[in-house]
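# Descriptive structure summary
Each chain, letter by letter, is given below.
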Amino acid sequence: IMAGTGVAAKHGILIKDAQALELAHKVDVVAFDKTGTLTVGKPKLTALSVADGMDEAGLLRAAASLQSGSEHPLARAVVLAAQEKGLAYESPDNLRAVPGRGSEGEVGVRSFLIGSLRWMDELGVDVRSLAARAAELQAQGATVSAMAERSTEGLTLRALMAFGDEPKPGAREALAALRARGIKTVMISGDNRGAAEAMARRLGLRPEEGEVMAEVLPGDKAARVVALKEGGHTVAMVGDGVNDAPALAAADVGMAMGNGTDVAMHAAGITLMRGDPLLVAAALDISDRTV
């Protein structure tokens, strides 16, 4: 075990938990979080479609104000888009984040919500006016968020925002290397199915064979990992974010990306120091040789 952990460390794989090293060679399913693990995790705002009669610059300014207090990658993309257009934005009031759904707050005298289409559906927002546009953007692989305004009349859809992310260099090869070892790979994403499957195909995954779990809320990731274990599999989970920590802890072997959050690294038995997905197969191989 000392030799194994030493060799792993030389390759940028930090093994905190000897049990992880002993178990990893039995892994037959590897579940990956999508954003920041298989993708670069720096999405860009690729399209802003506004409802009839709405001012695009004004809505982007309001969206940037609402998102300026958030660390979420999509929120940062909105702020960056406003900065690139030279739009001044202010700090929001009464900001409230709704985990796995979005956020709401006040910008000046107006009250806005930005979040997933699923959240809009739960709140009863009428999205029919932009539904065709949303479907078109999702089919292109974009993650789509909606912006609604709260007034005395209720909630009204104001705009759709589309975000695009890029696969991480080496991610496609990493998944192919695992498949070559006879290991099933699964991508877990909070994204709508269209966007998740489009990215999965770019990574060489096969959605038709159940290799994509889409529309998974952050709190449900661990339950998906447990379900895979109950199916008789030995499961490794690879993630980088705060909301991946319960899933990393629930897996037989948790692997955290070294460029991710401290919480994720604390919950995982193995940390991949370079945040390189190719190190996943290397870690399993080192476990194999050690055992």
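First things first, this report covers the structure right here in the doc. (Residues numbered from 1 in each chain as written. Predicted model: local features only at pLDDT ≥ 70, side-chain atom pairs only at ≥ 80, totals over all residues. Heavy atoms only, no water.)

## Points about the overall build of the chain
Along the chain, the regular secondary structure elements total 13 helices and 13 strands. Compactness check: the chain gives a C-alpha radius of gyration of 20 Å against a globular reference of 19 Å for 291 residues, within 12% of the reference. When the 291 residues of the chain are sorted by exposure, 49% land in the buried category. For the chain, the accessible surface area stands at approximately 13300 Å², while carbon and sulfur atoms represent 51% of it. (Helix = DSSP H or I, 4+ residues; strand = E, 2+ residues; numbered from the N terminus. Rg over C-alpha atoms; globule rule 2.2 N^0.38 Å. Buried < 20%, exposed > 50% of the residue type's maximum accessible area, 1.4 Å probe, protein only. Areas by Shrake-Rupley, 256 points an atom, 1.4 Å probe, with all protein chains shown as cover.)

## Comments concerning the sheet that holds strand E10 (residues 212-213)
Strand order in the open sheet formed by 7 strands is E1-E13-E12-E11-E2-E9-E10, with mixed pairing between adjacent strands. Because the sheet does not close on itself, it has two edges, and the strands there are strand E1 (13-15) and E10. The sheet contact formed by strand E12 (residues 253-257) and strand E13 (residues 270-272) spans 3 bridges and is parallel. By the bridge assignment for E13, Ala256 is matched with Thr271. Where helix H13 (residues 278-290) meets the sheet, it contacts E1, strand E2 (29-33), strand E11 (235-239), E12 and E13, and its direction lies at approximately 50° from that of E1. (Pairing = 2+ DSSP bridges. Contact = heavy atoms within 4.5 Å. Axes fitted to C-alpha atoms, helices over the stretch in contact; angles between N-to-C directions.)

## A short note on the packing of helix H4 (residues 56-67) against helix H5 (residues 73-84)
Orientation of H4 relative to H5, taken along the N-to-C sense of each, is 135°, at an axis distance of 8 Å. Here H4 is positioned oblique relative to H5, judged by the angle of their axes. As H4 runs across H5, the sense of the crossing is left-handed. Side by side, H4 and H5 meet where Leu60, Ala63, Ala64 and Gln67 of the first sit next to Ala75, Val78, Val79, Ala81 and Ala82 of the second. Considering only residue class, the contact of H4 with H5 consists of 8 nonpolar, 1 polar and no charged. (Parallel < 35°, antiparallel > 145°, perpendicular 65-115°, else oblique. Left-handed = near helix turned anticlockwise from the far one by under 90°. Nonpolar A, V, L, I, M, F, W, Y, C, P; charged D, E, K, R; others polar.)

## With respect to H5
Its 12 residues give H5 an end-to-end C-alpha distance of 16 Å, which sits within 8% of 16 Å, the value for a rise of 1.5 Å per residue. If you check which residues of H5 are buried, you get Leu74, Ala75, Ala77, Val78, Val79, Ala81 and Ala82. Against strand E3 (44-50), H4, strand E7 (143-151) and strand E8 (154-164) lie the buried residues of H5. Once H5 ends, the next one or two residues include Gly86, with phi positive near 70°. (Expected span 1.5 Å × (residues − 1).)

## Considerations on the nonpolar core
By size, the foremost hydrophobic cluster in this structure holds 36 residues, and its most contacted members are Ile13, Val30, Val253, Met255 and Leu272. Setting aside chain neighbours within four positions, we find Val253 in contact with Ala20, Leu23, Ala24, Val27, Val235, Ala236, Met237 and Ile270. Among the nonpolar cores identified, the runner-up in size contains 20 residues, and Leu60, Val107, Phe112 and Phe163 belong to it. (Core = buried A, V, L, I, M, F, W, Y, C linked by side-chain atoms within 4.5 Å.)

## Here we look at the sheet that holds strand E6 (residues 110-116)
Ordered by their spatial adjacency, 6 strands build an open sheet running E3-E8-E7-E6-E5-E4, and the pairing between neighbours is antiparallel. Every interior strand has two partners, whereas the edge strands, E3 and strand E4 (93-98), have only one. Going from strand to strand, the sheet's axes swing by 20° on average, the running direction of each strand aside. Direction of pairing for E7 relative to E8: antiparallel, over a ladder of 9 bridges. Across the sheet, Glu149 pairs through a bridge with Thr156, a residue of E8.

## Examining the pairing of strand E5 (residues 102-107)
Where E4 lies against E5, 4 bridges are found, and the strand directions are antiparallel. The residue bridging Asp93 from the neighbouring strand is Glu106, located in E5. Counted along the chain from E4 to the antiparallel partner E5, the turn is 3 residues long, and its residue Gly100 has a positive phi close to 75°. Hairpin connection between E5 and E6: a loop of 2 residues separates the two successive antiparallel strands, and Gly108 in this loop has a positive phi of roughly 65°.

Purely geometric numbers; function is a separate question.
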